[in-house]
Amino acid sequence: EAAEAARRAEEKYRDFFENAVEGIFRTTRDGQYLSANPALARIYGYGSPAELIAELSDITAQLYVDDGRREEFVRRG
């Protein structure tokens, strides 16, 4: 029963992540993408999350206008 509940929860999370209209991502503390959803890829002009992850290796340097903003998010996390 617990395994089935965990499977359902994972399925619900994956569905939310994949179908959200907002860009959602997870990164390492040093700015490497772990995962990104299709909406984020579209927002940044990429054809897929895999393409975005392959192209952007340091989001602090490549995406943030204010370098200190990423550090602020990391501190709060």
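Preceding this section is the structure that the text describes.
Thresholds, definitions, all that
Residues numbered from 1 in each chain as written. Predicted model: local features only at pLDDT ≥ 70, side-chain atom pairs only at ≥ 80, totals over all residues. Heavy atoms only, no water. Helix = DSSP H or I, 4+ residues; strand = E, 2+ residues; numbered from the N terminus. Rg over C-alpha atoms; globule rule 2.2 N^0.38 Å. Buried < 20%, exposed > 50% of the residue type's maximum accessible area, 1.4 Å probe, protein only. Contact = heavy atoms within 4.5 Å. Areas by Shrake-Rupley, 256 points an atom, 1.4 Å probe, with all protein chains shown as cover.

Q: Before we go on, may I ask you to explain the overall build of the protein chain in this structure?
A: Per the secondary structure count, the protein chain includes five helices and two strands. N-terminal to C-terminal, the α/β element order of the protein chain is α-β-β-α-α-α-α. Here the protein chain has a C-alpha radius of gyration of 15 Å; the compact-globule value for 77 residues is 11 Å, and the former is much larger. Counting only residues that meet the buried cut, the protein chain has 23% of its 77 residues in that class. The contacts in the protein chain between residues at least 6 apart in sequence include a share of 20% that link residues at least 24 apart. When the accessible area of the protein chain is evaluated, it comes to approximately 5600 Å², of which 51% is carbon and sulfur surface.

Q: Is there a simple way to explain the side chain of T60 in this structure?
A: Tracing the sequence through the fold places T60 in helix 4 (residues 59-62). Of the residues examined, T60 reaches a relative accessible area of 19% and is grouped as buried. T60 has contacts with D67 and R70, leaving out every residue within four places of it along the chain.

Remember that the coordinates give geometry; whether it matters functionally is a separate question.
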